[in-house]
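In case you want the letters, here they are:
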Amino acid sequence: AAAAAARRPREERRRRAQGVVRILRQGKRYRYYFASVFIGGLWLVSRIDASLEVALLFHMVLLSIKQRSLLGNGCLEARFREAVRVAPEEFGVDASAMGLRLTVSLKALWISAPLRTRAYAIPSELEQGLRAWRRLGEARGQVERRRSNVLRASAPGDLERAWARLRQEYLGIMVEAGCCQTAVSSRLGILEREQRLRQERQAERWNRIMMAKEERQQRRMLIQEQPRTVNGKGEHGIERLLARWARTEARTAAEAAMKRRPGFFGPAAKRRHPAQGPHGAGASYGQRHQESSARGGGVVMR
């Protein structure tokens, strides 16, 4: 019995994670449960009951509704309408006895909290709830899955017009449902300020990304152009070297042809005065003594 009591809290937590919610009241003295399921913007909730077994039964009915709505032929709205009618009968319960309520919950761009309508009772207000879901879906339009890169596909002006259209439609639906227009407008104003702040942050981030991308492209272009410049200088240097070699070969060929001409003895030899000798008139005494000794004569003193 103790082991079963120890396993029970874990089992209850696991079941709550699957769609059964526990509510504690008066200092955890009373426990209540209800089941819920989310189907493409439609939030189905059962009534609150003190029995966990009843809440689990309601949860099984809601799972059957979800499975029938997501599978089959036709549009989601038609499948959901048929599932709400058939699924409770399979488990022997009635939708009114379950206290089923339908709430439209849509996520808007750059808003943390979803836009939710009031709860519509099933089956009496089913068509009204589906109409509100359809109107809000059409007003919101296509939502970008990767919201951090939404500025790649949409301009800021288009996003502002889409939000204004969704805001007006949501306000009209809530007023038609009997909600206070002032309270709804105040809540929308808070969400709009949050949306504007997040849009500005993402715009700044987008500008930084684009500037970094342009800088990388410029660097890549410079790297691609640099080898071309070096090759151009190398080719120009090779051409200059070939021209120099051609001039040298032409000059060498001209000198060789001139030497082969008859009567060519080369450049005139440099003539020196006989009295000066190889060292000239300004030679020293030792140099003149060496010259006289070489000729076999003595040194003449002057």
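Here's what I pulled together on the structure shown here. None of the values given here were measured: they were computed from a predicted structure.

### A few points about the overall build of the protein
Thinking step 1. When helices and strands are tallied, the protein shows eight helices and six strands.
Thinking step 2. Reading the helices (α) and strands (β) of the protein from amino to carboxyl end gives α-β-β-β-α-α-α-β-β-β-α-α-α-α.
Thinking step 3. A fraction of 55% describes how many contacts in the protein between residues 6 or more apart in sequence connect residues 24 or more apart.

### Focus: the state of the cysteines
Thinking step 1. On inspection of all chains with the given rule, the structure shows zero disulfides.
Thinking step 2. Just so you know, C180 is unpaired, no disulfide at all, and the nearest cysteine sulfur is the one on C179, 8.7 Å from it.

### Describing the nonpolar core
Where a protein is soluble and globular, its nonpolar side chains tend to be buried together.
Thinking step 1. One finds L44, L62, I65, F80, L102, L115 and I122 to be the most contacted residues of the largest nonpolar core, which totals 40 residues.
Thinking step 2. In this view, I65 contacts I39, L44, F80, A83, V84, A87 and L100; residues no more than four positions away in its chain are not counted.

### As for the environment of P123
Thinking step 1. One can find P123 in the loop between β6 (120–121) and α5 (126–140).
Thinking step 2. Distance from P123 to R85, taken between C-alpha atoms, is 8.4 Å for residues 38 residues apart in sequence.

### Considerations on the packing of α5 against helix α6 (residues 156–176)
Thinking step 1. Look at α5 against α6: their axes get within 8 Å of each other, and the N-to-C directions meet at 165°. Taken as axis vectors, α5 and α6 run roughly antiparallel relative to one another. Classified by chirality, the crossing of α6 by α5 is right-handed. Of α6, the residues touching α5 (which contributes A132, R135, L136, A139 and R140) are A162, R165, L166, E169, Y170, I173 and E176.

### A closer look at the packing of aromatic side chains
Thinking step 1. Under the defined criterion, the tally for this structure stands at zero aromatic pairs.
Thinking step 2. A cation sits over an aromatic face here: R116 above W43, 4.8 Å from the ring centre.

### Comments concerning the pattern of salt bridges
Side chains bearing opposite charge may pair, as long as their charged atoms lie close to each other.
Thinking step 1. The final tally for this structure, using the stated rule, is 13 salt bridges.
Thinking step 2. D49 is the salt-bridge partner of R47, the closest N and O atoms lying 2.8 Å from each other.
Thinking step 3. The exposure class assigned to R47 is partly exposed, which follows from its relative accessible area of 31%.
Thinking step 4. Its relative accessible area of 16% is what places D49 among the buried residues.
Thinking step 5. Among the ionic pairs, R68 bridges to E90, the shortest N-O distance being 2.0 Å. Placement of the pair is R68 in helix α2 (residues 52–70) and E90 in helix α3 (residues 76–90), with a sequence separation of 22 residues.
Thinking step 6. Judged by its relative accessible area of 34%, R68 falls in the partly exposed class.
Thinking step 7. Here the salt bridges do not stand alone but share partners, grouping E77, R81, E127 and R134 into one network.

### Quick notes on α6
Thinking step 1. In this model, α6 (21 residues) spans 30 Å end to end at C-alpha, consistent with the 30 Å of a helix rising 1.5 Å per residue.
Thinking step 2. What α6 keeps buried is the set L159, W163, L166, Y170, L171, I173 and M174. Here the buried residues of α6 occupy an arc of 160° about the axis, which is enough to place them on one side. In α6, the exposed positions angled more than 90 degrees off the buried face are occupied by R161, Q168 and E176.
Thinking step 3. Just downstream of α6, G178 is the residue with a positive phi angle, here 100°.

### Comments concerning α2
Thinking step 1. Counted at 1.5 Å a residue, the expected span for α2 with its 19 residues is 27 Å, and the 27 Å between its end C-alpha atoms agrees.
Thinking step 2. Of the residues trailing α2, G72 is marked for its positive phi of about 115°.

Thresholds, definitions, all that
- Residues numbered from 1 in each chain as written.
- Predicted model: local features only at pLDDT ≥ 70, side-chain atom pairs only at ≥ 80, totals over all residues.
- Heavy atoms only, no water.
- Helix = DSSP H or I, 4+ residues; strand = E, 2+ residues; numbered from the N terminus.
- Contact = heavy atoms within 4.5 Å.
- Disulfide = S-S within 2.5 Å.
- Core = buried A, V, L, I, M, F, W, Y, C linked by side-chain atoms within 4.5 Å.
- Buried < 20%, exposed > 50% of the residue type's maximum accessible area, 1.4 Å probe, protein only.
- Axes fitted to C-alpha atoms, helices over the stretch in contact; angles between N-to-C directions.
- Parallel < 35°, antiparallel > 145°, perpendicular 65-115°, else oblique.
- Left-handed = near helix turned anticlockwise from the far one by under 90°.
- Phe/Tyr/Trp six-rings, centres within 6.5 Å; stacked < 30°, edge-to-face > 60°.
- Lys NZ or Arg CZ within 6 Å of the ring centre and 35° of its normal.
- Salt bridge = Lys/Arg side-chain N within 4 Å of Asp/Glu carboxyl O.
- Expected span 1.5 Å × (residues − 1).
- Arc of directions from axis to C-beta.

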